[in-house]
Amino acid sequence: MVKNELIFEGNEKQVFSTDNPDRVIFRYKDISVAYNNIKRARFIGKGILDNGISSILLAYLNRNGIKTHFIEKVSDDEQLCRRIEIIPLEVIVRNRVAGSLATRLGVEEGFRQGNTIIDLRYNNDELEDPLINEHHAVALGLASYEELQFMVAEARRANELLSDVFHRAGIELVDVKIEFGRATDNGELIISDEISPDTCRLWDEKDGRRLDKDRFRLDLSDVVASYREVLERLQNLNLES
Ligand code: TMP
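About the cut-offs
- Residues numbered from 1 in each chain as written.
- Predicted model: local features only at pLDDT ≥ 70, side-chain atom pairs only at ≥ 80, totals over all residues.
- Heavy atoms only, no water.
- Patch = residues over 30% accessible without salt bridge, like charges linked within 9 Å, V, L, I, M, F, W, Y side chains within 5 Å.
- Areas by Shrake-Rupley, 256 points an atom, 1.4 Å probe, with all protein chains shown as cover.
- Salt bridge = Lys/Arg side-chain N within 4 Å of Asp/Glu carboxyl O.
- Helix = DSSP H or I, 4+ residues; strand = E, 2+ residues; numbered from the N terminus.
- Buried < 20%, exposed > 50% of the residue type's maximum accessible area, 1.4 Å probe, protein only.
- Core = buried A, V, L, I, M, F, W, Y, C linked by side-chain atoms within 4.5 Å.
- Contact = heavy atoms within 4.5 Å.
- Near = heavy atom within 4 Å.
- Polar contact = N/O pair within 3.5 Å; in protein donor to acceptor, adjacent residues only side chain to side chain.

Please explain a nonpolar patch on the surface as it appears in this structure.
Residues Tyr-35, Ile-38, Leu-218 and Leu-220 make up a contiguous nonpolar surface patch of about 420 Å² in total accessible area. Checked against the element boundaries, Ile-38 lands in the loop between strand S4 (31–34) and strand S5 (39–42). Overall, the relative accessible area of 73% leaves Ile-38 in the exposed class.

Listed below in structure tokens is the structure:
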């Protein structure tokens, strides 16, 4: 696979075209952004850790019947992926109340509700990624009702598989954000973004330590060390053997 030109530059990653029009290379940068890009910092080594973690998790989902854009890790900070047309929606699955939901509902962070909560966000920087519902998504032409039903069901299944993997690593998956796209080769709806401490809340099961991007959002120390801990714990599970 030959890496060609940069076709997308995001805050935290780059996407390059390849000699195959249906394949791209994702490169993870050493940058963290939060609060709609208001907060920004460089963490040396974070890109490699995000790539390592995301590669393990996306490969695990692929092997367990959930289609993702991930094909293979091709270097320390790069993955080969299926090319997709972006659907600007975020499906958030919440096993506990935390983050923006705790604020919105006036509930203490960490409250363990009896049901799994699904939020939908419209991925739109100008509007600051507003919460929307399925009717809004259909009205905006982002997806059909059937596609939304599929995305929510896939996100729930991914949450179950990921919760189990993290639990085996002594980590609780508090919430996870999942994005989808339509593969350019056959139109399939597939998971199409990273799954990493940048897109999940991960709490240590023993002491409740945050091992995710909240360390950056909340100005806690040891951002890179925490991501490294997540990677090492996942590697120790030997999921691929
Ligand atoms: P929230 O509690 O801030 O709504 O975040 C819910 C989950 O979504 C959490 O795991 C962090 C993740 N997330 C992203 O991946 N990207 C974003 O832009 C935001 C705001 C949250």
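How should I be thinking about the nonpolar core in this particular structure?
The tendency in soluble globular proteins is for nonpolar side chains to be buried as a group. Formed by 50 residues in total, the largest nonpolar core has its most connected members in Met-151, Leu-162, Phe-166 and Leu-234. Of all the elements in the fold, those that place two or more residues in this core are helix H1 (46–63), strand S8 (84–94), strand S9 (117–122), helix H4 (145–168), strand S11 (171–183), strand S12 (189–191), strand S13 (200–204) and helix H6 (223–235). Beyond its immediate stretch of four places on either side in the chain, Leu-234 contacts Ile-53, Ile-56, Leu-57, Val-165, Phe-166 and Ala-169. Grouped together as the second largest cluster of nonpolar side chains are five residues, Val-15, Val-24, Phe-26 and Tyr-28 included.

Even after reading the chapter, I still don't get the site of the ligand, so can you show me in this structure?
The ligand sits among 13 residues. The nearest are Arg-94, Ser-100, Arg-121, Asp-175 and Arg-201. For the ligand, an oxygen atom lies 2.5 Å from a polar atom in the side chain of Ser-100. In the complex, the protein chains occlude 81% of the 450 Å² of accessible area that the ligand would expose alone. Put simply, the parts of the chain that give the shell around the ligand at least two residues each are S8, helix H2 (99–105), S11 and S13.

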